[in-house]
Amino acid sequence: MFPLTCRKEYNWSDDGAPFPSQTFHPPQLLWFPFLALATKISIQALNDKSIVASTFWIIYESYIVFDHIPFLFTNSVYKSPRFNFMYLSTIFFWGFEAIASIVSTQSLVNAPAILLYNVAPHSFFVACNNFCGVAASKSFLAEKKTWWVYLQVIVDNIIHSISLWYHLKYFLSHLVQIDTSPWLIWVPLITSMLLMTYWVHIDEISFKYFLTPFFPKTKKMKMK
């Protein structure tokens, strides 16, 4: 029912979408066992104190912050997600975001279980864009952005940032065994991601789009 509402009420149909919903083909189902295997291997590797696995997830969580933050300040499918829509399966991309929370909470990284919340919205995005004909790319357009998607992206950034902190804590205390606070690396790393994404997307970012879904009257005035 809700995907149908997205298509009709919010007009997230393929018509006029920057990138249409992905047509389902049976081979796409192979992404699901791949994601399950990636989850199992990652948890096992982290539990076995693999520096490679730990480094991979630190880089991944940092990248997601880089990729997601501009959503809050843009009105288009900006460079980073444009690449993802063009060259990656959204089952793979959003599915990997979902398993990231599973990996960080179910391994020795020991992130809080509440981060598992992130599995639900990303599973929903996968279902909508791949099986229900909902063009998720329209959610990037200022006139189509809804408060609940905007709020979810804020929560998503918070969850990935928290996961990053726990991955850093695990890396420092269990792998390299350095008595250093994760904050000393987390803060510069997050700051560098913010500066880097601003530099990459500077021609697409504008602070006038910040929080606009929560002020629809202001949004309509700016669209004129």
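Just above sits the structure.
The paragraphs below set out a description of the structure included in this document.

## A closer look at the overall build of the protein chain
A tally of regular secondary structure across the protein chain gives nine helices and zero strands. When the elements of the protein chain are put in sequence order from the N terminus, they spell out α-α-α-α-α-α-α-α-α. Relative to the 2.2 N^0.38 estimate, which gives 17 Å for 224 residues, the radius of gyration of the protein chain is 18 Å and therefore close to what a compact globule would have. Referenced to the eigenvectors of the C-alpha coordinate spread, the extents of the protein chain come out at roughly 55 × 40 × 30 Å. Scored against the burial criterion, the 224 residues of the protein chain give a buried share of 49%. Within the protein chain, contacts between residues separated by at least 24 positions form 79% of all contacts whose residues are at least 6 apart in sequence. Working note: accessible area of the protein chain is about 11500 Å², and carbon and sulfur atoms make up 71% of it. Of the charged side chains in the protein chain, 16 are positive and 12 negative; the average position of the first set lies 9 Å away from that of the second.

## Some points on helix 6 (residues 119-131)
The terminal C-alpha atoms of helix 6 lie 17 Å apart, and with 13 residues this matches the ideal 18 Å at 1.5 Å per residue to within 8%. Listed in full, the buried residues belonging to helix 6 are Pro-121, His-122, Val-126, Cys-128, Asn-129 and Asn-130. At the exit of helix 6 stands Gly-133, carrying a positive phi of roughly 70°.

## Remarks on the side chain of Thr-74
With respect to the helices and strands, the residue Thr-74 is situated in the loop between helix 3 (51-68) and helix 4 (79-87). Each residue touching Thr-74, except ones within four places of it in the same chain, is listed here: Phe-140, Lys-145, Glu-204, Ile-205 and Tyr-209.

## Concerning a nonpolar patch on the surface
There is a patch of nonpolar side chains on the surface, built from Phe-24, Leu-29, Phe-32 and Phe-131 and spanning about 350 Å² of accessible area. Examined against the element boundaries, Phe-32 turns out to sit in helix 2 (residues 31-47). On the basis of relative accessibility, which here comes to 35%, the residue Phe-32 falls in the partly exposed class.

## Notes on the nonpolar core
Ranked by size, the top nonpolar core spans 50 residues in total, and within it Leu-46, Trp-57, Phe-71, Phe-96 and Leu-164 carry the most contacts. Sorting the residues of this core by element identifies helix 2, helix 3, helix 5 (90-106), helix 6, helix 7 (147-175) and helix 8 (183-200) as the ones contributing at least two each. If one sorts the elements of this core by residue count, helix 7 sits on top with 11 residues.

## Observations concerning the side chain of Ser-54
Within the secondary structure layout, Ser-54 lies in helix 3. In this structure, Ser-54 is in contact with Leu-46, His-167, Tyr-170, Phe-171 and Leu-175, ignoring residues within four places of it in sequence.

## Points about unusual backbone geometry
Positive phi, close to 60°, is recorded for Lys-49, a residue that is not glycine. Located in the positive-phi region is Asn-110, a residue other than glycine, with phi close to 60°. With respect to the helices, strands and loops of the structure, Asn-110 is situated in the loop between helix 5 and helix 6. Classification of Asn-110 as exposed rests on a relative accessible area of 55%.

Scoring rules and cut-offs
Residues numbered from 1 in each chain as written. Predicted model: local features only at pLDDT ≥ 70, side-chain atom pairs only at ≥ 80, totals over all residues. Heavy atoms only, no water. Helix = DSSP H or I, 4+ residues; strand = E, 2+ residues; numbered from the N terminus. Rg over C-alpha atoms; globule rule 2.2 N^0.38 Å. Buried < 20%, exposed > 50% of the residue type's maximum accessible area, 1.4 Å probe, protein only. Contact = heavy atoms within 4.5 Å. Areas by Shrake-Rupley, 256 points an atom, 1.4 Å probe, with all protein chains shown as cover. Lys, Arg positive; Asp, Glu negative; His and termini not counted. Charge placed at Lys NZ, Arg CZ, Asp CG, Glu CD. Expected span 1.5 Å × (residues − 1). Patch = residues over 30% accessible without salt bridge, like charges linked within 9 Å, V, L, I, M, F, W, Y side chains within 5 Å. Salt bridge = Lys/Arg side-chain N within 4 Å of Asp/Glu carboxyl O. Core = buried A, V, L, I, M, F, W, Y, C linked by side-chain atoms within 4.5 Å.

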